[in-house]
Amino acid sequence: MALNQSYDLFFIFIFNLSLLFSLLPFSFSQTVADAPSPAADTCNGIFLSYAYTSGTKLKPTDPKHQPYRFESVLTVLNNGDEKLKSWRAFVGFKNDEYLVSASNAVLADGTSLPTNVGNGTIFAGYPMTDLKTAIETAGDLNQIQVQVKLLGTQFGVAAPGVPLPETIHLANDGFLCPKPSLQGKSEMQVCCTKDPKFKTNVTVEDEFLPRQSGDLTIMYDVTRTYDSNYWAQVTISNHNPLGRLDNWKLSFDWMRDEFIYTMKGAYPYVVDSSDCIFGPQGQHYRDLDFGNVLNCERRPTIIDLPLTKANDTTMGMIPKCCRNGTILPPTMDPSKSSSVFQMQVFKMPPDLNRSELSPPQNWKINGTLNPNYKCGPPVRVSPSQFPDPSGLPSNTTVVASWQVVCNITRPKNASPKCCVSFSAYFNESVVPCPTCACGCLRNSANTCRANATAVLVPPEALLVPFENRTAITRAWADLKHFTVPNPMPCGDNCGVSINWHLYSDFSRGWSARITIFNWDETAFPDWFAAVQLNKATPGFQKMYSFNGTALELNGVNNTIFMQGLPGLNYIVAETDAANPQKDPRVPGKQQTVISFTKKTTPSINIAAGDGFPSKVFFNGEECALPSMLPTNSGNRKGSTTVISILIAVLVFMLVQQ
């Protein structure tokens, strides 16, 4: 009897043990890559698929713009014979999608989630950036395949409809991707193969991708590393001849709960350690004094230090640091075209290993009145080398390096920050900056018209703020019989306005006068401007109050670069007039005359348009241009004085009323 009971207990034990082992694969299924689609077997390149898995209706109910939750999976599989380095995949969303989360990837343009991706977006691998081949891994899906699980909101596609994207394709250079095919109703697939005509200087044996060029690059170099923390040096370099940053602000996302302990050469915009004290960092580093921690935000913002901190032994003493946030273009001063700072970064489990290094993602940089930059993901490159600090004739190699490439872009519907007016010797009116060139206030509809064309003004109107031009503009319109809408057009709302005046035109040459007005409360040290003249630039001779140089950009000689002469390279901010109770505020102003010869450009027609710029830049920002040019109406300078006197009398009479 006892023997039978022993057998029963034994079989029960075996049964439970077998049941336990049968459950083990299920418990580890989250770490094992799902099997690829059967269609992947026919692909000898990079196989991509996008599969819609589920979706539900969301609140609020809106028949015209109904939101729906969607879940889908993007799969990238390397079936080729070469490692796919820094993989990137484009998904052409088309249903006004709002992406909430994405596993195993980040957005390649540096945008943090959640965000709108309705016009399509490029995903970049994170943390696994490279996909190995089946040859070198014996077909291990965890190394040759990545699956990005997407969660978000789409609009308008209800069941049984499926919100598939317009297209999917590999975004890496050197691949050809045909039009995707549908697999059923909820999945699309494409096989991308190498382009035999694509030329590259990268060999298969290269461990890292080569450094890329861009308008601005950011290097993230790990200089020292320990088990729990490391030191990183960040170098921001400007490569665009017309690009610039003032009061730069740099932000990025920590992806693995890192935090900044200390910094040299820069500083967090917000010094706060509360997220660490009440977060997992405080639980792990129990003996660390968080009163000395600089920043624990998941997305910190970094700012430059003022010049006075350059030789500070605690915060400064870093070459190329502490320039008050100004990064000049290399055309102005190559020695001031980069900015450097260092920071000590503490890591969290399970990354407590000196070789476990992960750069921050989703980089973004901007300035005060500067171009907009869009940054890509960090790409691992060969370790940087720096001159030996001891002065020996050798180089010191850092532990690891990543490069972030940023390019100038103008976001959709973004307004410029400066504008241009045109005038000429043959017309007494000035074509002002366009209405709302730099945007309009939301509550301006009752006081001015945002969709009305700007009204021509006399030259003296350019010297006063827009809110003080109404009487002058109306008086000028009455004299010239111009139609003035009611209410008047809105102002341009630009911090900087530039007047381009065609000064003279004769048989052997011509001249122009450029005047820069600063209507902002911020002064512009080391300012620069640039104008593109499509036909006239080869005839450029001289500037008389600025330092001017003709530049060849992208192989075309059509740009004139200008900056203030030594001691005159500072445009002051707008200030009060001598009698603030009566007189309007006075803008900061710089002016010069530019002379041209027609010897090298004999066929140009200055008055017809060749004497007016096609593009104007101030501190790297492209300015808004008028929609029309001054016309040769027969008016000459002889009548200007009389007209100006009449205007002054009329304005005086209007003010007295």
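In this report, the structure presented in the accompanying data block is examined. Small disclaimer: the values here were computed from a predicted structure and weren't measured.

1. Focus: the sheet that holds strand β15 (residues 249-253)
Argument step 1. An order of β17-β18-β15-β20 is seen for the four strands of this open sheet, with the pairing classed as antiparallel. Each edge of the open sheet is held by one strand with a lone partner, namely β17 (266-268) and β20 (361-366). Shown here is a sheet whose adjacent strand axes are inclined to one another by a mean of 25°, direction ignored.
Argument step 2. Strand direction decides the pairing type here: β15 and strand β18 (residues 301-304), joined by three bridges, are antiparallel. Along β18, the bridge assignment pairs S251 with T301.

2. A few points about unusual backbone geometry
Argument step 1. Of note, the bond from L113 into P114 is cis; its omega dihedral lies within 30 degrees of zero at 0°.
Argument step 2. Note that the residue after P349, namely P350, is joined by a cis bond; omega there is 10°.
Argument step 3. Position of P350 among the secondary structure elements: in the loop between β19 (338-346) and β20.
Argument step 4. For S86, which is not glycine, the phi torsion reads 50° and is therefore positive.
Argument step 5. Mapped onto the elements of the fold, S86 is located in the loop between β2 (67-78) and β3 (88-91).
Argument step 6. With phi around 55°, C436 is a residue other than glycine that occupies positive phi space.

3. With respect to helix α6 (residues 470-480)
Argument step 1. Within α6, burial applies to I472, T473, A475, W476 and A477.
Argument step 2. Looking one or two residues past α6, H481 carries a phi angle of roughly 60°, positive in sign.

4. Digging into the environment of K59
Argument step 1. Mapped onto the secondary structure, K59 falls in the loop between β1 (46-57) and β2.
Argument step 2. Judged by relative accessible area, K59 falls into the exposed class, the value being 71%.
Argument step 3. Sequence spacing of K59 and R69 is ten residues, and the spatial spacing of their C-alpha atoms is 10.0 Å.

5. A look at the packing of aromatic side chains
Argument step 1. Overall, the coordinates contain 22 aromatic pairs when judged by the stated rule.
Argument step 2. Ring geometry for F422 versus F612: centroids 5.0 Å apart, planes at 50°, classification tilted. Of this pair, F422 sits in strand β26 (residues 418-424) while F612 is found in the loop between α7 (606-610) and β37 (615-618), placing the two residues 190 residues apart along the sequence.
Argument step 3. Of the residues examined, F612 reaches a relative accessible area of 5% and is grouped as buried.
Argument step 4. Both rings, one in Y425 and one in F426, keep their centres 5.1 Å apart while their planes meet at 80°; by these two values the pair is edge-to-face.

6. Focus: the side chain of K264
Argument step 1. Examined against the element boundaries, K264 turns out to sit in strand β16 (residues 259-264).
Argument step 2. Buried and without a salt bridge, K264 has D312 as its closest oppositely charged side chain, separated by 6.8 Å.
Argument step 3. In terms of polar contacts, K264 uses its side chain to reach the backbone carbonyl oxygen of T313, at 3.3 Å.
Argument step 4. Only 3.4 Å separates the side chain of K264 from the backbone oxygen of T314, close enough to count as a polar contact.

7. What to know about the state of the cysteines
Argument step 1. Throughout the structure, instances matching the rule amount to ten disulfides.
Argument step 2. Here C276 engages in a disulfide with C296; their sulfurs sit 1.9 Å apart. A torsion of -100° about the S-S bond marks the disulfide between C276 and C296 as left-handed. In this pair, C276 is assigned in helix α4 (residues 274-277) and C296 in the loop between α5 (280-284) and β18, connecting sequence segments 20 residues apart.
Argument step 3. Assessed through its relative accessible area of 0%, C276 is described here as buried.
Argument step 4. Paired by a disulfide, C448 and C490 hold their sulfur atoms 2.0 Å apart. Linking C448 and C490, the disulfide has an S-S dihedral of approximately 90° and is accordingly described as right-handed. Here the residue C448 occupies a position in the loop between β27 (427-431) and α6, and C490 occupies one in the loop between α6 and β28 (496-505), the gap between them amounting to 42 residues.

Quick notes on the rules
- Residues numbered from 1 in each chain as written.
- Predicted model: local features only at pLDDT ≥ 70, side-chain atom pairs only at ≥ 80, totals over all residues.
- Heavy atoms only, no water.
- Pairing = 2+ DSSP bridges.
- Helix = DSSP H or I, 4+ residues; strand = E, 2+ residues; numbered from the N terminus.
- Axes fitted to C-alpha atoms, helices over the stretch in contact; angles between N-to-C directions.
- Buried < 20%, exposed > 50% of the residue type's maximum accessible area, 1.4 Å probe, protein only.
- Phe/Tyr/Trp six-rings, centres within 6.5 Å; stacked < 30°, edge-to-face > 60°.
- Lys, Arg positive; Asp, Glu negative; His and termini not counted.
- Salt bridge = Lys/Arg side-chain N within 4 Å of Asp/Glu carboxyl O.
- Polar contact = N/O pair within 3.5 Å; in protein donor to acceptor, adjacent residues only side chain to side chain.
- Disulfide = S-S within 2.5 Å.

In short, shape yes, function no, at least from these values alone.
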